[in-house]
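Inside the fold
For reference, the chains in residue letters:
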Amino acid sequence: MADPRSAVVQPCARCGARWAVQGKPLHWCPRCHGVLLSPAAVDAPPARRNYRWVARPPGRKSAPPQPSRRPVAPETPRYTQIPRWGLQDRLPQESVAPRTRFEALIARLPLLLITTAIVYGVAALAELGRYGILLRNRTRLIQPALLWISDGAVTVSAIAAALAALVTAVALVGWLAQTRRTAYAGVGRRDPRPRFELFLGCLVPVVNLVWPGVFLTEAVREGDDDPRLLRAVRIWWAAWVFNAVLVTAAALYRFTSSLQARADGVMVTVWADLAAAGVAVLTLWLVRAFAGVDLRGRPARITRWLPATTPATSVIEPVHPAGAEGAGRRAPDDAVGNDEATVQNPETATAAADGAPEPEHEEVLAK
């Protein structure tokens, strides 16, 4: 406690104890560890102290200092540019994983199919030009430069068509895997065939004449089982097998020795290239049919034929007999009444049986 002989004390801001200053002033209260106020005389009046006591209710803190208000600007605030603050309805963006090169190749499948069809069309034109040179060579000699151009066009177009077909086939297998995965996921199942089996069944020669159609049929039956889509798969399958037959025939003509057989082989190659271009277009149609669009990428229109359940009604009003005095037209319901009146009138019925002419009925027949 404070020494009564000391004239200078330090009050505690927390517990109110006064401590005598003996030498250097303290900072913390030895009793409650509160803040000690600055030293002052024991009997100093409040006016001469550098602190003052404030009475507050227990448990209540002092009010925070009020911030100074800025003076209101006399002019209306304006913006030098469009403000970027405000309420914005931003939709949550789903995190999309980056696509691999194979997935990017699958996304370009329509472009690859169109390119393959064009390249095979160019190859067919090159083979057709060679056939024309063969026809002209029967009677006249051909310039060597023209032969070199023809051979180069045939070779380059054949190599380009083979490369385009290979890349497109790989992309088609990836599309087939995605389509089957989506179809099986729709029924809560997993595709039972692994990806390597799809690649082997679609890329190995001779084997790929059967398994692509099987894979597509399974995808259709596990999905919506649409008969139109199943018919499209069968049409594509038949065209694919027919194209393989033409390719095999064109390859067999390469081993012939006679000039006429080789010329026929050139023509068969033309038809094989045209068939390959048609199969590429047909494949594009099949891919877009699975996506629900037509060949040009527009939403497909589905026409459904339903049996008529209501009786047929005439859309043309029947001809009704006019009045005997040439009055206006009668309502359609009057025709029934006229028939009943004819049946109920025995004299009219007798006259009709005797063959007597009836003007009103003759007028109806004439109309």
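Scroll up to find the structure.
The rules behind these values
- Residues numbered from 1 in each chain as written.
- Predicted model: local features only at pLDDT ≥ 70, side-chain atom pairs only at ≥ 80, totals over all residues.
- Heavy atoms only, no water.
- Disulfide = S-S within 2.5 Å.
- Buried < 20%, exposed > 50% of the residue type's maximum accessible area, 1.4 Å probe, protein only.
- Patch = residues over 30% accessible without salt bridge, like charges linked within 9 Å, V, L, I, M, F, W, Y side chains within 5 Å.
- Areas by Shrake-Rupley, 256 points an atom, 1.4 Å probe, with all protein chains shown as cover.
- Salt bridge = Lys/Arg side-chain N within 4 Å of Asp/Glu carboxyl O.
- Helix = DSSP H or I, 4+ residues; strand = E, 2+ residues; numbered from the N terminus.
- Axes fitted to C-alpha atoms, helices over the stretch in contact; angles between N-to-C directions.
- Parallel < 35°, antiparallel > 145°, perpendicular 65-115°, else oblique.
- Contact = heavy atoms within 4.5 Å.
- Nonpolar A, V, L, I, M, F, W, Y, C, P; charged D, E, K, R; others polar.
- Left-handed = near helix turned anticlockwise from the far one by under 90°.
- Core = buried A, V, L, I, M, F, W, Y, C linked by side-chain atoms within 4.5 Å.
- Pairing = 2+ DSSP bridges.
- Phe/Tyr/Trp six-rings, centres within 6.5 Å; stacked < 30°, edge-to-face > 60°.

1. Thoughts on the state of the cysteines
- For the structure on display, the rule yields zero disulfides.
- Cys32 forms no disulfide, and the closest cysteine sulfur to it belongs to Cys12, at a distance of 3.5 Å.
- Assessed through its relative accessible area of 17%, Cys32 is described here as buried.

2. Some words on a nonpolar patch on the surface
- Side chains of Phe196, Leu200, Val204, Val207, Val210 and Trp211 sit close together on the surface and give an oily, nonpolar patch of about 530 Å² of accessible area.
- With a relative accessible area of 56%, Phe196 lands in the exposed category.

3. Here we look at the pattern of salt bridges
- Scanning the model with the defined rule gives eight salt bridges in all.
- Measuring nitrogen to oxygen at the nearest pair gives 2.9 Å for the salt bridge that ties Arg180 to Glu218. One end of the pair, Arg180, is in helix H3 (residues 144-186); the other, Glu218, is in helix H5 (residues 211-222), with 38 residues separating them in the sequence.
- A single network of salt bridges, built from pairs that share partners, joins Arg180, Asp191, Arg193, Glu197 and Glu218.

4. Points about the packing of helix H4 (residues 195-203) against H5
- The interhelical angle for the contact between H4 and H5, taken along N-to-C directions, is 135 degrees, at an axis separation of 8 Å. As the angle between them shows, H4 and H5 are arranged oblique. Facing H4, whose interface residues are Glu197, Leu198, Gly201 and Cys202, H5 presents Trp211, Pro212 and Phe215.
- In terms of residue class, the contact of H4 with H5 is made up of five nonpolar, one polar and one charged.

5. So, the packing of helix H2 (residues 109-136) against H3
- Taken N-terminus to C-terminus, the directions of H2 and H3 make an angle of 155 degrees; their axes are 8 Å apart at the nearest point. As the angle between them shows, H2 and H3 are arranged roughly antiparallel. Between H2 and H3 lies a crossing whose hand is left-handed.
- Partitioning the contact of H2 with H3 into residue classes produces 20 nonpolar, four polar and three charged.

6. Examining the nonpolar core
- Ranked by internal contacts, the top residues of the largest apolar core, which has 24 residues, are Leu109, Trp175, Leu176, Leu216, Trp236 and Leu286.
- Of all the elements in the fold, those that place two or more residues in this core are H2, H3, H4, H5, helix H6 (227-253) and helix H7 (259-290).
- Those residues in contact with Leu176, other than ones at most four positions away along the chain, are Cys202, Phe215 and Leu216.
- Within the second largest apolar cluster, seven residues are counted, among which are Ala117, Tyr120, Ala276 and Ala277.

7. Remarks on the pairing of strand S1 (residues 8-11)
- Where S1 lies against strand S3 (residues 40-41), two bridges are found, and the strand directions are antiparallel. Paired with Val8 across the two strands is Ala41, which belongs to S3.
- Looking at chain direction, S1 and strand S2 (residues 18-20) are connected through three bridges and run antiparallel. Paired with Val9 across the bridge in S2 is Ala20.

8. Quick notes on the packing of aromatic side chains
- Enumeration over the complete set of coordinates arrives at four aromatic pairs.
- Each ring, one from Trp175 and one from Phe290, has its centre 5.4 Å from the other, and the planes form 80 degrees; the classification is edge-to-face. Linking Trp175 in helix H3 with Phe290 in helix H7, this pair joins segments that are 115 residues apart in sequence.
- The exposure class of Phe290 is partly exposed, given its relative accessible area of 21%.

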